[in-house]
Amino acid sequence: MDSTTSSPQEREQRFRQIYDAAYVDLLGFVRRRVHPAHAEDVVGDVMLVAWRRLDEVPAELSAARAWLFGVARKTLQNTRRRDNRHDAVAVRLAEVRQGPDDAGQHLDLVAHRLDIAAAWPLLSAVHQEAIALSVLDGLTAPEAAAVLSISSTAFRLRLSRARRTLRRHVDSASAADRRPGHLAADGSPR
Amino acid sequence: MNKHTLDTMTTAALRDLDPAPPTVLTDEERERADATFARIVSTLRRHHVPEESDRPRRRRSRLLVPLGLLGAAGAAVPALLLNGGSAFASWTPKPEPLTGAAVGEAATTCRAALEVPDQGEHVVVAERRGGWTYVLITGPKAEGTCLMRDDLVGHQDPADHTKEGFFGGYTADPDKAPTVARDRIVETENMAGSVPTRGLQIFSNDEGWFSSVQGYVGKDVTGVTVHTPVGPDVEASVVHGRFAAWWPSDQPSSRNPEVMGAWTYTVSLADGSTRLVTG
């Protein structure tokens, strides 16, 4: 895929390729960060930027996806109050629901999921963002670094710290779970 | 539980808790996605004007108030904005040049707000459109612009400008002036941005969106008019070989892609003739 296009037909064709290939992933990225009701509008705004700046979109699809995520992140930052526009964009997790699906799963994993859900809100938005880019959005370190406009080294360091912090919160939760009289699967906030 | 096992379990747990797990679009989502695609492409196709191949690359500034879309193309002026429904209701398409002490006061305020040390920059453009003052200062080590509500002019505490009604930015490595044909202009910067305007107008949004352009003019150019995509024509300030203009806009989005359409210019020349250019 050529990174620059000249004719309107080529330009539209290239945009169509990017649009089709990245739309679902971009929608997922946005849904993790805003109310689902607003997600499609944000994706539309991001794609509009991509159309206007098509020659700046990386040719390689994976890098193009990261580029779109970066635009989406800036778009989300800009919709906030001015004072925190430069802050990280917090990431939400799904609500924990215990049900029949848990029946066939290892109890440790079920309990761990509850601990993660409880620990997640204790993380800073910066750390949530680093972990989510890596684990949920499926980006490599260089791609995630590009989304955040930082170096790969800085991202790896941030991700390492984020994981360590999450682990500490989970350990605290697990220790509390082991206390006599505490339910191991208690999902109440800690 | 060892660290590796915990990390593996944590990854698995996080993916279980993903609020947007990998999926395919529903038919309804696919229809909406296709409609958005068509809206983006078809509208901009109608407004597309090819840029000149030697058009200078847009520059980025360090912005105190972040832009909605850095480098985004021009914007329209919705009727609502021009009918007084926004903080820019008093905006005028023709600028009023600042004179005398007002020039220095605006520049000093801008420099203080941007926290740019005085390195010998001089004022290039200082104008007022309605209740808003725009100033462009430049020098070999810095170039900055400010758009501010008139009542903020004269306030030199940077904290005064972290509130509503101020937009500004500067670059510490300004580009050298380009070579411009006598009867031409070179647009060096354009942007869509927003000014926090909370409390300025009842029922108004808390962001006043605008678009701005600036650049250089050739020796024979005496006037520059910007033809915005769907809004009114805007008369630019032309002074000291530079031009600058800004106009109220709407927030660029996929719902109104026409505001991102291309614009053109009419330049007026010293011999009385005019010329339509793309900048």
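Criteria and thresholds
- Residues numbered from 1 in each chain as written.
- Chains lettered and ligands numbered in written order.
- Predicted model: local features only at pLDDT ≥ 70, side-chain atom pairs only at ≥ 80, totals over all residues.
- Helix = DSSP H or I, 4+ residues; strand = E, 2+ residues; numbered from the N terminus.
- Buried ≥ 20, exposed ≤ 12 C-beta atoms within 10 Å, placed from the backbone.
- Contact = placed C-beta atoms within 7 Å.
- pLDDT = per-residue confidence, 0-100.
- Core = buried A, V, L, I, M, F, W, Y, C linked by C-beta atoms within 7 Å.
- Pairing = 2+ DSSP bridges.
- Expected span 1.5 Å × (residues − 1).
- Bend = angle between axes of the 7 residues up to and from the residue.
- Axes fitted to C-alpha atoms, helices over the stretch in contact; angles between N-to-C directions.

Turning our attention to the overall build of chain A. Summing up its helical and strand segments, chain A has 7 helices and 0 strands in all. Along chain A, helices and strands appear, N-terminal first, in the series α-α-α-α-α-α-α. For chain A, the residues scored as buried account for 41% of the 190 residues in total. Within chain A, counting contacts between residues at least 6 apart in sequence, those at least 24 apart form 66% of the total.

So, on to helix H5 (residues 125-135) of chain A. Of all the 11 residues making up H5 of chain A, 8 are buried; the element is thus mostly covered by neighbouring parts of the structure. What H5 of chain A keeps buried is the set His-127, Gln-128, Glu-129, Ala-130, Ile-131, Ala-132, Leu-133 and Ser-134 of chain A.

As a further point, take the confidence of the model for chain A. Residue and element names in this part refer to chain A. Scored by pLDDT, chain A has a mean of 81; 79% of the residues are at 70 or more. Here helix H7 (residues 152-178) stands out as the element of chain A with the lowest mean pLDDT, 84, in contrast to H5, whose mean of 94 is the highest. In the predicted structure, residues 180-190 sits below a pLDDT of 50 and forms 15 contacts with residues beyond four places in sequence or in another chain.

Formed by 61 residues in total, the largest nonpolar core has its most connected members in Leu-26, Val-43, Val-46, Ala-50, Leu-68 and Ala-72 of chain A. Not counting residues up to four positions away in its chain, the partners in contact with Val-46 of chain A are Leu-26, Leu-68, Val-71, Ala-72 and Thr-75 of chain A. Counting 50 residues, the second-largest nonpolar core is a separate cluster that includes Cys-110, Val-125, Val-238 and Tyr-265 of chain B.

This paragraph deals with the pairing of strand E5 (residues 143-149) of chain B. Residues and elements named next belong to chain B. Counting buried positions over the 7 residues of E5 gives 7, a clear majority of the element. The two faces of E5 match: Glu-143, Thr-145, Leu-147 and Arg-149 on one face and Gly-144, Cys-146 and Met-148 on the other face are all buried. Relative to E5, strand E4 (residues 132-138) is paired through 7 bridges, and the arrangement is antiparallel. Residue pairing for E5: Tyr-134 is matched across the bridge by Leu-147. The hairpin formed by E4 and E5 contains 4 residues between the paired strands. The pairing of E5 with strand E6 (residues 166-171) spans 6 bridges and is classified as antiparallel.

We now examine helix H1 (residues 8-31) of chain A. All names here are of chain A. Over its 24 residues, H1 runs 32 Å from end to end, which matches the ideal 34 Å to within 8%, given 1.5 Å per residue. Where H1 bends most, the angle comes to about 50 degrees, and this point is Ala-22. Buried residues of H1: Arg-14, Phe-15, Ile-18, Tyr-19, Ala-22, Tyr-23, Leu-26, Leu-27, Gly-28, Phe-29, Val-30 and Arg-31, and no others.

Residues and elements named next belong to chain B. In spatial order, the strands read E10-E9-E13-E14; together these 4 strands make up an open sheet with antiparallel pairing. Edge strands, defined here as strands with exactly one partner in the open sheet, are strand E10 (233-235) and strand E14 (274-277). Taken pair by pair, the neighbouring strands of this sheet meet at an average axis angle of 25 degrees, ignoring direction. With 6 bridges connecting them, strand E9 (residues 221-227) and strand E13 (residues 264-269) associate as antiparallel partners. Among the inter-strand pairings, Val-226 is bridged to a residue of E13, identified as Tyr-265.

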